Amino acid sequence: MFNLSYKTQRILILFGFLTIPVLLSLTFSYYPALSLLYYSFTDWSGLGWEMNWVGFDNYKEIFSRPEIFGVFKNNAYYFVGGLLQTCVALYFAIVLTSKLKGRNIFRSMLFIPYVLHSVAIVIMFRNLYHVEYGSLNIFLEAIGLGSWQQQWLGNPHLVNFSLAFISIWKYFGLTMVIFIGALQSIPADNYEAAKIDGASGWQTFRFITLPSIRSVLELMLILTLTGALEAFDIPYIMMLGANDTHTFVSKTIDMAFKFQQAGLASAMAIVLLLIVIAFIILQRKLLFREEK
Amino acid sequence: MERQNKAWTIFRYVTIAIGLFIVFFPIYSVLISAFKTKVEYYNSGLALPHDWFNFDNFRKVFKVGRLGLGFKNIFIILVVSLAGNVLIGTMVAYALGRFDFKMKKPIMGMYLVAQVIPMITTQVATFQVIKFLGAYNEIYAPMLLYLGADVLQIVIYLQFVNNIPKDLDESAMVEGASLFKIYRSIIFPLLAPATATLIIMKTISIYNDFYTPYLYMPSRKLQVVSTAIYSFVGPNASEINVISAGILIIFIPTLVIFLFLQRYIFAGVTNGAVK
């Protein structure tokens, strides 16, 4: 090949291999984030390039209009759903790492929803929840629980639970498999020792299992939180935000692309970004404290 | 004790059965609906279809919903973005894993921080970048957005690079191989297991992605599977049997990947969490 010294080659490789990746990251992550910050102080419509500096007006609007900041209450459903999902996933992870026939097959079967297409899943549930012809109400009728039938998507008190359930259904298997990975990395000796000491099942869980998977548990909680804050496609695909199901992100997207208020939408995005970063820093701090 | 164990075992199996029921009930209802006629669908509830060979719904959803086009487009997008993505990922990992230089830490930090920015929230601004590059409503838009490596990918590749003995590089250098050749014939092939896992995980996430094609490629000609089924459902909401056929077809590709390549998927998922 070329007879270049390794020193020259090194420089060529570093430049050749890193320039494009770094440019990509700057163009599609950093530049948008920075320009978002700028747009958030303007009254830009998103069409053309006309914009005026409006200072903190957009931010004031977010916090003073309850229909904007208030949609975070819908994100809360996804957070509660996520917590529930974490608990159930941990239970199944423990069950499927214990001695049990067929546990690998069960693990694979419970994981299936995670690999299925997300838009198709939402549409599937839309049919399932149908008041008259949906399988859920038909099933309830068939097992004699006809009185439990509901307007799963029509009832404003219920609709967000129905939507959050879809998220649980899809991601539960993923959380479970992550927990299984963490549980399997606990040395078997610890359990042997506990057994010899005569610890009960609960004590073993409380004093050996929980501390060993603490960091994964924390990670799952922060992912649940950020995931809930960023929840978007389920309500958007299912209802287009109708019936009070807007989440903060779906509202942001509508604000930018439907109502042509890109300045306001940018400010909303920045608010969300700051909240997410605050939680991540908080989690890192907590982790750091433990290591000390 | 014996008795307690038995009760615990029964309890475990009962809860697993409930879990499996919840997972498979919606899928069962899609499966049976896909083979029913419209009249049959509205009259037969949860019963099995009369005719398991009634493929009319599948034909209709392919034709009216233009699923074939959707599959073709997403396939092209996948091939191009994954090829680029693997190249970029391995190159960055080689550069960061094998050399010490001033910009090493800042670049690593750049990837880490970028991960914290939720992509969906910056779309308002990304949209302008894509428009400026002339990629709006072109098939290049999602390709460009999927191309960049994320921090998780870099971390996984770096782990592999660090596990490749440096002796291999050095003995190749003794034989006069160029650094590029070392990357191409030693590092890249030895990263294959990580590449396999990453390709599978990325395929699933790109195939599932809705908002990127929805925002950047509104043209009907550029519909991918996600946007095709989305726009089919609106005007055909009452034909649940046809919609079910579409859902079933869309489920199949990733399901097949999962059934045959489970090992890689589980490896990817657990690696991702441990970081």
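Caption draft 1: How the structure looks around the overall build of chain B. Of the regular secondary structure elements, chain B holds 14 helices and zero strands. Taken against the 2.2 N^0.38 rule, which gives 19 Å for 275 residues, the C-alpha radius of gyration of chain B at 24 Å runs more than 25% over that of a compact globule. Considered along the principal axes of its C-alpha atoms, chain B spans approximately 75 × 70 × 35 Å. A buried classification covers 39% of the 275 residues belonging to chain B. In chain B, of all internal contacts separated by at least 6 residues, the share reaching a separation of at least 24 is 78%.

Caption draft 2: Highlighting the overall build of chain A. Helices and strands together make up the secondary structure of chain A, namely 14 helices and zero strands. Overall, chain A shows an N-to-C arrangement of helices and strands of α-α-α-α-α-α-α-α-α-α-α-α-α-α. Taking 292 residues into account, the globule formula puts the C-alpha radius of gyration at 19 Å, and chain A, at 25 Å, lies well above it. With respect to the principal axes defined by its C-alpha atoms, chain A has extents near 70 × 70 × 45 Å.

Caption draft 3: The arrangement of the interface of chain A and chain B in detail. Taken residue by residue, the interface counts 71 residues in chain A and 66 residues in chain B. Taken together, the residues that form the side of chain A that touches chain B break down as 55 nonpolar, 13 polar and three charged.

Caption draft 4: Spatial organisation of the nonpolar core. With 145 residues, the main nonpolar core has Ala120(A), Phe179(A), Met268(A), Val92(B) and Ile229(B) as its most contacted residues. Sort the elements by how many residues they give to this core and helix α8 (residues 159-184) of chain A lands first, with 15 residues. Those residues in contact with Phe179(A) that sit more than four places away from it in its chain are Ala89(A), Leu90(A), Ala93(A), Ile213(A) and Val216(A).

Caption draft 5: Structural context of unusual backbone geometry. Even without being a glycine, Gln260(A) presents a positive backbone phi close to 55°. Using a count of 14 C-beta atoms within 10 Å as the deciding quantity, one classes Gln260(A) as partly exposed. Phi is positive for Asn137(B), close to 60°, though the residue is something other than glycine. Take Asn137(B): it is sitting in the loop between α6 (123-132) and α7 (140-147).

Caption draft 6: Up close: the environment of Ala242(A). Looking at the secondary structure, you find Ala242(A) in the loop between α12 (233-239) and α13 (248-257). By C-beta crowding, Ala242(A) is classed as exposed, having 11 other C-beta atoms within 10 Å.

Caption draft 7: Representation of the packing of helix α1 (residues 6-39) of chain A against helix α4 (residues 67-98) of chain B in the model. Interaxial distance between α1(A) and α4(B) falls to 9 Å at its minimum, and their mutual angle equals 135°. Taken together, the axes of α1(A) and α4(B) are oblique relative to one another. As α1(A) runs across α4(B), the sense of the crossing is left-handed. Residues Ile13(A), Leu14(A), Phe17(A), Leu18(A), Ile20(A) and Pro21(A) of α1(A) form the contact with α4(B), whose participating residues are Ile88(B), Met91(B), Val92(B), Tyr94(B) and Ala95(B). Considered class by class, the residues forming the contact of α1(A) with α4(B) number eleven nonpolar, no polar and no charged.

Caption draft 8: Examining the environment of Ile196(A) more closely. Residue and element names in this part refer to chain A. On the secondary structure map, isoleucine 196 appears in helix α9 (residues 188-196). A count of 8 C-beta atoms within 10 Å places isoleucine 196 in the exposed class. Once the C-alpha coordinates of isoleucine 196 and isoleucine 213 are considered, the two residues, 17 residues apart in sequence, prove to be 22 Å apart.

Caption draft 9: The arrangement of helix α13 (residues 225-233) of chain B in detail. When you tally the buried positions in α13(B), you get eight out of nine residues, the bulk of the element. Inspection of α13(B) places Val225(B), Ser226(B), Thr227(B), Ala228(B), Ile229(B), Tyr230(B), Phe232(B) and Val233(B) among the buried residues, and these make up the whole buried set.

Caption draft 10: Spotlight on the confidence of the model for chain B. In the predicted model, chain B carries a mean pLDDT of 88, and the fraction of residues at 70 or more is 97%. Overall fold confidence for the complex sits at a pTM of 0.88, while the interface term, ipTM, reaches 0.89.

About the cut-offs
Residues numbered from 1 in each chain as written. Chains lettered and ligands numbered in written order. Predicted model: local features only at pLDDT ≥ 70, side-chain atom pairs only at ≥ 80, totals over all residues. Helix = DSSP H or I, 4+ residues; strand = E, 2+ residues; numbered from the N terminus. Rg over C-alpha atoms; globule rule 2.2 N^0.38 Å. Buried ≥ 20, exposed ≤ 12 C-beta atoms within 10 Å, placed from the backbone. Contact = placed C-beta atoms within 7 Å. Nonpolar A, V, L, I, M, F, W, Y, C, P; charged D, E, K, R; others polar. Core = buried A, V, L, I, M, F, W, Y, C linked by C-beta atoms within 7 Å. Axes fitted to C-alpha atoms, helices over the stretch in contact; angles between N-to-C directions. Parallel < 35°, antiparallel > 145°, perpendicular 65-115°, else oblique. Left-handed = near helix turned anticlockwise from the far one by under 90°. pLDDT = per-residue confidence, 0-100.

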